[in-house]
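Inside the fold
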Amino acid sequence: MKDHVLVTGGAGYIGSHACKALKAAGFVPVTFDSLVTGWQDAVKFGPFEKGDLLDRARLDAVFAHYEPVAVMHFAALSQVGESMQEPGLYWRNNVLGSLNLVEAAVDAGCMNFVFSSTCATYGEHDNVVLDEETPQLPINAYGASKKAVEEILRNFGESHGLRHVIFRYFNVAGGDPEAEVGEHHRPETHLIPIMLEAIDGTRPALTIFGTDYDTPDGTCIRDYVHVCDLVDAHVLGVKWLQQGKRNRVFNLGTGSGFSVREVIEQSRAVTNRAVPYEEGPRRPGDCTKLVSGSVRAERELGWTPQRSTLDIMIEDAWRWHQTGHYEK
Ligand code: UFG
């Protein structure tokens, strides 16, 4: 029988791509998702179990039914701006929900845990590239909630033998080149899909959040990584744990940073259309620059990004934007 992997948030953007990659690697991805931000239409690669991480009995039933060999935990609220307005939502959903999941996994004897964390746990570090040893000093509630879950995993590792790989993502972009799944948030808050909506007229314009940052062109710099490369690392993470290797943190970024203005310029080039935009004030909680300085994932996991150039990421996102969508 094929190995099941429980994928929380499997109906979301990254989780749905992870399910496709897991299936291609010979696993059976079991999506556990509340559909609060996910889409049932995105569940295409394995069984679906609707449920909320705060519902411990439901989690126990799903673990008992599938006896998964590993958990991939994506389900979370993930908007930096919203986390500054509603921190309670982030602590309840992201931290309490994850604690429930970790306890359910340990009680079910499912000891391989892959966690979706974020470079937002690092916070502001003046003009340095961020490696896994950089101090974690989050400046928004979203980053703080993810950092807290990392601590939970360490504690349960020490006390109960829970084995874990933590991935700290930089900015995830792009989509499945076959456009079976893609990025679809409601409301949308991320730069590239918002820009594509401005390009095709679905929204009047993109607003650049802040042009007075201490960067060469005054706009924030981010390290964009293709979602398909990102989820490939997760499959390697499951195999890493199955091989009995040690608990480990990996940054997932490319080491190249692009400013908001550079992303706008590249989108204009890829789509061959004008990008309507206006300049606005800073968004609370945004860091000036987040760029990954690590080669650990490449060296230790054997991860080699294939599609993480800005033009391919925008091309793939544009294809999905034009052809794919979810209704429910
Ligand atoms: N931006 C704009 N206008 C917009 C949207 C975004 O100028 O309409 C800017 C932001 O200010 C930021 C950059 O584009 O400088 C990227 O913003 P996103 O909202 O696309 O991404 P974030 O960097 O805020 O956050 C994303 C994920 C987080 C993750 C983080 C790591 O949403 O979950 O990347 O950098 F933690």
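Please refer to the structure higher up on the page.
Residue positions are given per chain, counted from 1 along the sequence in the order it is written. Residue-level local features of this predicted model are given only where pLDDT is at least 70; pairs of side-chain atoms are given and counted only at 80 or more, and the full residue set underlies all totals for whole chains, interfaces and linings.

Details of the site of the ligand
In the vicinity of the ligand lie 21 residues, with Thr118, Ala120, His190, Phe209 and Cys220 positioned nearest. Put simply, DSSP marks the helices as runs of H or I at least four residues long and the strands as runs of E at least two long, and each gets a number from the N terminus on. For the shell around the ligand, the secondary structure elements donating two or more residues are α6 (191–200) and β8 (206–209). With 4 residues, the top contributor of residues to the shell around the ligand is β8. Its residues assigned to classes, the shell around the ligand shows 12 nonpolar, 6 polar and 3 charged. Throughout this description, a residue near a molecule or strand is one whose C-beta atom, derived from the backbone, lies within 6 Å of it. Following the grouping adopted for this structure description, the nonpolar residues are Ala, Val, Leu, Ile, Met, Phe, Trp, Tyr, Cys and Pro, the charged ones are Asp, Glu, Lys and Arg, and the polar ones are all others, Gly among them.

Points about the pairing of strand β5 (residues 112–118)
By the criterion of burial, β5 is predominantly enclosed, with 7 of the 7 residues buried. On β5, burial covers both faces: Asn112, Val114, Ser116 and Thr118 on one face and Phe113, Phe115 and Ser117 on the other are all buried. Strands pair, by our definition, only if DSSP identifies at least two bridges between them. Of the strand pairs in this sheet, strand β4 (residues 70–73) and β5 are connected by 3 bridges, and their pairing is parallel. Of the residues in β5, the one forming a bridge with methionine 72 is valine 114. As defined by bridge partners, β5 adjoins strand β6 (residues 163–169) across 7 bridges and the pair is classed as parallel. Note on β6: the bridge partner recorded for asparagine 112 is arginine 163. With C-beta atoms placed from the backbone, a residue is buried if 20 or more other C-beta atoms are within 10 Å of its own, exposed if 12 or fewer are, and partly exposed between those counts.

Some details on the sheet that holds strand β14 (residues 289–290)
With mixed pairing, 3 strands are arranged side by side in an open sheet as β12-β9-β14. Every other strand in the sheet has two partners, leaving β12 (258–259) and β14 as the edge strands with one partner each. Note: strand β9 (residues 221–222) against β12, 2 bridges, orientation antiparallel. Residue pairing in the sheet places isoleucine 221 in a bridge with serine 259 of β12.

Quick notes on the packing of α6 against helix α8 (residues 260–271)
When two helices pack together, their arrangement is captured by the angle between the axes and the distance separating the axes. What counts as an axis is a line fitted to C-alpha atoms, over the stretch in contact for a helix, and the angles between N-to-C directions run from 0 to 180 degrees. At their nearest, the axes of α6 and α8 sit 11 Å apart, and the two run at 50° to each other. As summarised for this structure, α6 and α8 are arranged oblique, according to the angle between their axes. When the axes of α6 and α8 are compared, the crossing they make is right-handed. Across from Leu191, Ile192, Met195 and Ile199 in α6, the residues of α8 making contact are Val260, Val263, Ile264, Ser267 and Thr271. Across the contact of α6 with α8, the residue classes tally to 7 nonpolar, 2 polar and no charged. Each angle receives one of four descriptions, namely roughly parallel if under 35 degrees, roughly antiparallel if over 145, roughly perpendicular if within 65 to 115, and oblique otherwise. In this scheme the handedness of a crossing depends on how the near helix is turned from the far one: anticlockwise by less than a right angle means left-handed, clockwise means right-handed. Each residue gets a C-beta atom placed from its backbone, and two residues are in contact if those atoms lie within 7 Å.

Side note on the sheet that holds strand β2 (residues 28–33)
Spatially, the 7 strands line up as an open sheet ordered β3-β2-β1-β4-β5-β6-β11, and their pairing is parallel. Edge positions in the sheet fall to β3 (48–50) and β11 (248–252), since each of these pairs with one other strand and no more. The mean inter-strand angle of the sheet, taken between neighbouring strand axes irrespective of direction, is 20°. Pairing analysis gives 5 bridges linking strand β1 (residues 4–8) to β2, with the strands arranged parallel. Looking at the pairing, histidine 4 lines up with valine 28 of β2. Strands β5 and β6 of the sheet are contacted by helix α5 (residues 141–160), whose axis makes an angle of about 155° with β5. Contacts between helix α7 (residues 227–242) and the sheet are confined to β1, β4, β5, β6 and β11, with β6 contributing the most and set at about 160° to the helix.

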